[in-house]
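Read off the chains here:
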Amino acid sequence: MSSKKQTVIMTPGDATIAAVLVAVDPLGLGGVLVRGTSGPVRDAWLANLRKNLPSDNALRKLPMFSNEDRLIGGLDIASTLRVGRPMIERGLLADADGAILILSSSERFSPQKAAIVAAAMDTGEIAIERNGLTTRSAARFCLIALDEGDTDEEVTPRALVERLAFHVDLSDDAAQEYDARDGVWSARLRLPEIKLPDALATAICEAAVGLGIASLRAPLFALKAARVHCAFDGRTIVSQDDAALAARLVLAPRATRLPSSERPIEGEQSSSQQRHPRDEEDEPQPSADELTDIILEAVKAVLPPGLFERADATAGGRAAGRSDARVSAKQTKARRGRPAGTEKGDPGRGGRLNLVETLRAAAPWQRLRIAGASEMPKVRVRREDFRVNRYRRRSETTAIFAVDASGSAALHRLAEAKGAVELLLADCYVRRDKIALVAFRGKSADILLPPTRSLQRAKRSLAALPGGGGTPLCAAIEASLTIAETIRRSGGNPILVFLTDGRANISRDGSAGHSAAMAEALEYARLVRTGGFKTLVIDVSPQPGEAARTLATTMAGKYVALPHANAGVISHTVSQAMRP
Amino acid sequence: MSTRYPFSAIAGQDELKLALLLSAVNPFIGGLLAFGDRGTGKSTAVRSLASLLPKMRAVAGCRYRCDPDSLDSLCVECKARDSRPSRNVPVPVVDLPLGATEDRVIGALDLERALTRGEKVFEPGLLANANRGFLYIDEVNLLDDHLVDLLLDVAASGENVVEREGLSLRHPAQFVLVGSGNPEEGELRPQLLDRFGLSVEVRTPTDVDTWIEIVKRRDAFERDPAGFCAHWQHHDARIRRRIAAGRRRLGRVVVPYRTLERAAALCIALKTDGLRGQLTLMRAARTLAAYEGDLEIDDSHLRRVAAPALRHRLRRNPLDETGSTARIDRAVAELLGP
């Protein structure tokens with residue numbers, strides 16, 4: 001590195017190192033998940049990446065809203081009509097061959113499109129089987145996913161996250177310039193020659209298992225990252241420092257637990273980060289266990305303390321692509337129902353013209369039509385050829401459960417509510433309906449389960465449902481309403497189900513007090529009525545009282561008293577209400 | 001991409017590998033569904049079949065690769081031929097890419113020839129390409145429902161009936177349908193589950209040694225694909241010979257009455273829906289015996305295929321935390337002994 005007037009040699013942060021390593025081996029490492037909002041820090045990170053990339057890798061944008069057609073490619077209608085034979089339009093992924101692809105707001109990318117990108121990353125090519133065309137084109141690219149989500153609801157689709165070696169968080173990285181072009185270039189040349197001792201590969205695998213990482217892609221990326229760092233550092237044999245760094249960058253962000261049985265660390269003064277490259281021959285060989293410990297130490301050093309103290313169930317479920325439901329709902333809106341083939345029709349009357357099918361319908365007549373006419377258009381499409389998309393409209397029903405988890409009866413009530421949700425889900429996935437769950441207790445209402453059809457996901461988030469505390473009924477109504485409105489906007493059919501005794505005692509701002517809380521709750525209940533949502537209030541208190549009944553009346557909903565409710569009865573009641 | 005990971009080099013995932021091999025020996029088992037964790041090599045295993053399977057004889061020049069020896073499953077064109085010279089061709093393993101449209105799956109009017117020459121010609125789709133081979137759908141739970149329904153229908157009937165754009169034809173489409181997916185993305189409807197012959201739960205291996213083995217092999221493959229494949233070539237060849245031998249033996253495997261009874265008792269104890277479960281169980285057990293060189297089925301065969309043949313056909317009781325696999329293991333232990 002050339003030192004000019006400022007000779008402050010700053011050690012680059014992990015995020016910057018990740019950028020440099022990706023610049024060395026963009027295809028092998030898959031890419032980087034970059035968490036952080038747009039701003040100078042992220043711009044600086046991207047600038048570092050751009051600067052260090054050799055010129056043969058272009059940076060391209062993958063627009064978040066590009067649809068499936070643009071992603072994969074397909075028939076180029078305009079030139080097909082002009083030329084008179086099918087012309088292919090290359091998709092974004094094929095165009096990105098050899099490039100670095102930048103996806104902004106990756107947390108809002110739909111799982112469907114993510115699966116397409118993931119398939120291309122796995123095979124290095126994109127297969128088109130659409131619109132009567134069959135082609136394959138190379139699509140080897142490196143993906144930089146810019147995740148701007150700041151809530152648990154918004155996460156980048158798992159299929160993508162999985163395939164990106166590094167996950168960096170920019171919130172604690174300073175914006176600094178780092179020029180390592182020479183290093184990157186020579187590392188690329190050196191990379192095929194790098195040797196990785198077997199013991200290190202074993203240690204990385206053991207560390208990955210110990211950290212509760214489920215995917216085998218993680219240790220593979222760690223091995224690659226270790227090699228790349230070794231090459232970047234100008235050596236040919238991967239050292240334990242390379243492995244420790246790779247573990248920090250690749251394994252740490254994926255860790256779901258700390259290793260259960262810790263071996264005492266013998267001798268080694270841990271934290272092996274910034275040591276100078278040593279003579280590889282002279283180094284005393286640490287045992288396999290020691291190697292694993294060194295790697296684990298490197299990981300632990302960057303994990304925030306107390307990260308895994310929460311119940312395992314919630315930690316595991318957190319990253320599980322909660323945005324799925326929301327995004328796919330949005331998609332249903334865009335497509336208005338499930339596509340169910342095409343039919344003859346007039347695009348003017350609300351139908352969406354399907355150009356390919358229209359062309360197909362017109363194709364057999366071309367000879368006849370051209371025979372009588374002059375020369376101009378190559379393809380003659382007439383009104384009777386028009387084909388419009390047909391959609392099967394079937395709006396799915398989503399039952400939003402708001403479960404009172406407060407007070408003494410909570411544990412029992414909760415258990416039955418959980419049981420009812422699971423029973424309903426088993427039924428729902430036959431009919432393709434969904435369930436969402438809001439629990440309220442203490443001072444707030446939490447969305448435990450965003451609308452889902454997955455029994456597995458439901459079980460996991462239900463397992464960690466706590467009980468006790470006050471009754472923030474108002475917050476619960478508000479949260480349920482928000483979900484219901486989202487569902488309705490995307491063409492779904494929400495039903496609100498409240499399992500409560502209706503006795504609110506916590507206001508929206510978290511303050512205690514029965515009468516104020518009640519008044520506020522009823523105010524929100526009127527919003528439910530105004531919205532015209534189908535509502536069911538199930539009174540689960542041992543002595544059914546006026547409070548819940550008033551709530552139901554205010555919401556213009558149905559009131560059911562089930563003082564000894566069990567899961568079966570509740571699910572049956574709700575199931576009846578869900579039938580149209 | 002060009003070089004596929006060799007089947008024999010896949011460490012762990014024994015159930016998935018067995019299910020694939022059984023499907024290769026006996027396509028009538030009804031395909032398989034592999035559901036499970038990400039990054040466990042589901043796709044790798046399926047795609048590696050392409051270079052593993054023994055070649056097959058097909059009528060030369062036939063676009064459906066008709067079997068010259070099986071007269072009743074010939075396509076219309078082959079039936080009309082006077083002589084059917086044949087050649088050896090690889091067994092197709094067709095990937096159904098996400099975003100594939102219906103016209104390319106079923107086949108459709110050849111747009112190019114229709115537009116340029118005004119000819120009405122059928123352009124075969126992926127179903128035709130997969131005839132006598134495997135059709136693989138990754139992320140099957142992300143595929144549009146109507147496409148999945150269509151695929152299962154064709155897979156069950158072995159024939160693709162095309163009625164569109166004035167085309168009216170049918171062609172053989174016998175293939176083993178292999179689906180894979182991740183339950184996080186949503187579950188499959190039970191009606192669909194039941195249509196797959198076998199179902200495999202793919203889990204991340206839990207023991208460190210298997211991990212190390214998988215990671216090291218994969219790493220070696222990525223660094224030198226050609227050399228790695230050369231090294232595993234003869235392992236693949238051995239499996240290929242076993243598949244061929246298994247196919248020849250399949251017709252001779254005897255099913256004793258006692259074993260039939262046991263299989264029925266197992267299905268009754270587990271309350272599986274319909275008879276498809278028991279049929280698949282018997283077919284899978286018979287195929288396993290053939291593959292392993294046995295000429296009679298006994299309890300040991302039943303025991304090993306019970307879980308993949310039945311696990312997706314159990315009535316679900318959401319309140320029962322016990323997974324399907326555990327319930328089957330328990331029933332197997334009770335009925336067939338530990």
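Provided above is the structure to which this section pertains.
Residues numbered from 1 in each chain as written. Chains lettered and ligands numbered in written order. Predicted model: local features only at pLDDT ≥ 70, side-chain atom pairs only at ≥ 80, totals over all residues.

## Regarding unusual backbone geometry
Phi angles above zero are rare outside glycine, and Ala556 of chain A is one such case at about 60°. For Ala556 of chain A, the location among the structural elements is in the loop between helix H22 (546-554) and strand E17 (558-561). With 16 C-beta atoms counted inside 10 Å, the residue Ala556 of chain A sits in the partly exposed group. Of note, Glu139 of chain B is a non-glycine position whose phi angle comes to about 55°, a positive value. As for its position among the elements, Glu139 of chain B is in the loop between strand E7 (133-137) and helix H8 (145-157). On the basis of neighbour counts, which here come to 22 C-beta atoms within 10 Å, the residue Glu139 of chain B falls in the buried class. (Helix = DSSP H or I, 4+ residues; strand = E, 2+ residues; numbered from the N terminus. Buried ≥ 20, exposed ≤ 12 C-beta atoms within 10 Å, placed from the backbone.)

## Overview of the environment of Ile370 of chain A
Among the structural elements, Ile370 of chain A can be located in helix H17 (residues 366-372). Between the alpha carbons of Ile370 of chain A and Ala547 of chain A there is a distance of 77 Å; along the sequence they are 177 residues apart.

## Quick word on the pairing of E17 of chain A
In this sheet, E17 of chain A lies alongside strand E16 (residues 534-539) of chain A in parallel orientation, the contact comprising four bridges. From the neighbouring strand, Leu536 of chain A faces E17 of chain A, where its bridge partner is Lys558 of chain A. (Pairing = 2+ DSSP bridges.)

## Comments concerning the interface of chain B and chain A
Taken together, the contact pairs 53 residues of chain B with 62 residues of chain A. Contributions of two or more residues to the side of chain B that touches chain A are made by helix H5 (102-106), strand E5 (107-109), helix H6 (111-117), H8 and helix H10 (208-223) of chain B. In the side of chain B that touches chain A, the residues fall into 20 nonpolar, 11 polar and 22 charged. (Contact = placed C-beta atoms within 7 Å. Nonpolar A, V, L, I, M, F, W, Y, C, P; charged D, E, K, R; others polar.)

## Regarding the nonpolar core
Residue and element names in this part refer to chain A. Formed by 199 residues in total, the largest nonpolar core has its most connected members in Ile204, Ala247 and Ile295. Per-element tally for this core: the top contributor is helix H11 (residues 217-232), with 11 residues. Every residue in contact with Ile204, bar those within four places of it in the chain, is listed here: Pro219, Ala222, Leu223, Ala243, Ala247 and Ile295. Counting residues in hydrophobic clusters, the runner-up holds 63 residues, among them Leu473, Ala479, Ala484 and Tyr524. (Core = buried A, V, L, I, M, F, W, Y, C linked by C-beta atoms within 7 Å.)

## Quick notes on the sheet that holds strand E5 (residues 100-103) of chain A
All names here are of chain A. Within the open sheet, the five strands sit side by side as E2-E5-E8-E1-E9. Their pairing is parallel. The two strands at the open ends of the sheet, each matched to only one other strand, are strand E2 (59-61) and strand E9 (166-169). Strand-to-strand twist in this sheet, taken as the mean axis angle between neighbours without regard to direction, amounts to 20°. (Axes fitted to C-alpha atoms, helices over the stretch in contact; angles between N-to-C directions.)

## Structural notes on H22 of chain A
Residue and element names in this part refer to chain A. Buried residues of H22: Ala547, Ala548, Leu551, Ala552 and Thr554, and no others. Here the buried residues of H22 occupy an arc of 165° about the axis, which is enough to place them on one side. Considering only its buried residues, H22 is in contact with strand E15 (493-500), helix H21 (514-531), E16 and E17. Ala556, located one to two residues past H22, shows a positive phi value of around 60°. (Arc of directions from axis to C-beta.)

## With respect to helix H10 (residues 198-210) of chain A
Residues and elements named next belong to chain A. For H10, spanning 13 residues, the distance from its first C-alpha to its last is 18 Å, which sits close to the expected 18 Å at 1.5 Å a residue. In terms of burial, H10 is largely enclosed, as 11 of its 13 residues are buried. Of all the residues in H10, the buried ones are Leu200, Ala201, Thr202, Ala203, Ile204, Cys205, Glu206, Ala207, Ala208, Val209 and Gly210. Two residues or fewer past H10, Gly212 is found with a positive phi of approximately 70°. (Expected span 1.5 Å × (residues − 1).)

Nothing here speaks to function; it is all geometry.
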